[in-house]
Amino acid sequence: MSFPAVTPQHLVIAARAAAPLCLGGLAWAVLWMACTPTVAAAGFLLSASVLLMGAPRIRAGDLVGALLVFITVLECIHAGASGTLDGPRWQACVAAAGTTVLLLKIQHLRGLARQDAYVPLRHLECRNALFGRTAPGRRAA
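Enquirer: With reference to specific residues and values, describe the overall build of the chain.
Expert: Per the secondary structure count, the chain includes 5 helices and 0 strands. In the chain, the succession of helices and strands from N to C terminus is α-α-α-α-α. When each of the 141 residues of the chain is scored for burial, the buried share is 28%. A sequence separation of at least 24 residues applies to 64% of the contacts in the chain between residues at least 6 apart. Counting only carbon and sulfur atoms, one obtains 66% of the accessible surface of the chain, whose full area is about 9900 Å².

So, in structure tokens, the structure goes:
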């Protein structure tokens, strides 16, 4: 008996199914459980991982930013309900978002280094440099 091979599309489908559960669990923990900053940051990282896997065509930085806006709204709702803002919990989530974006940038630079390790850093955002074409107005060396 052989099992079908798991493909990246299967993982995307599973992540899309798990995304509402992760976001709902994060909202529940922040709003009703009064979770600690460590638990909130761990929930943020879990939710970010699931969202990034579930939406492969959306820029990763945009998804992390949207999740940070979501956690900020949750903190404002919690502050309105309880009368106090839990600053350390929100700061832990912001730090987790910064760490996630940093890791994504490192992964991006590693991918560029695997493609062509000798592209100057000032050309990394120029897509033409990645494909071996010169930027407009520049001559090929």
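Enquirer: Would you mind going over a nonpolar patch on the surface in detail, with residue names and values included?
Expert: Together, Val6, Leu11 and Met53 make up an exposed nonpolar region whose accessible area comes to about 280 Å². The residue Val6 is located in the segment before α1 (8-31) in this model. Judged by its relative accessible area of 64%, Val6 falls in the exposed class.

Enquirer: Report on the packing of α1 against helix α3 (residues 60-82), specifying residues and quantitative values.
Expert: Pairs of packed helices are described in terms of their axes, by the angle between the two and the distance that separates them. Where α1 meets α3, the axes come as close as 9 Å, and the angle between the chain directions of the two elements is 30°. Comparing their axes, α3 and α1 come out roughly parallel. Crossing of α1 over α3 shows right-handed handedness. Residues Leu23, Leu26, Ala27, Val30 and Leu31 of α1 form the contact with α3, whose participating residues are Leu67, Phe70, Ile71, Leu74, Glu75, Ile77 and His78. Counted by class, the contact of α1 with α3 contains 10 nonpolar, 1 polar and 1 charged residues.

Calculation criteria
- Residues numbered from 1 in each chain as written.
- Predicted model: local features only at pLDDT ≥ 70, side-chain atom pairs only at ≥ 80, totals over all residues.
- Heavy atoms only, no water.
- Helix = DSSP H or I, 4+ residues; strand = E, 2+ residues; numbered from the N terminus.
- Buried < 20%, exposed > 50% of the residue type's maximum accessible area, 1.4 Å probe, protein only.
- Contact = heavy atoms within 4.5 Å.
- Areas by Shrake-Rupley, 256 points an atom, 1.4 Å probe, with all protein chains shown as cover.
- Patch = residues over 30% accessible without salt bridge, like charges linked within 9 Å, V, L, I, M, F, W, Y side chains within 5 Å.
- Salt bridge = Lys/Arg side-chain N within 4 Å of Asp/Glu carboxyl O.
- Axes fitted to C-alpha atoms, helices over the stretch in contact; angles between N-to-C directions.
- Parallel < 35°, antiparallel > 145°, perpendicular 65-115°, else oblique.
- Left-handed = near helix turned anticlockwise from the far one by under 90°.
- Nonpolar A, V, L, I, M, F, W, Y, C, P; charged D, E, K, R; others polar.

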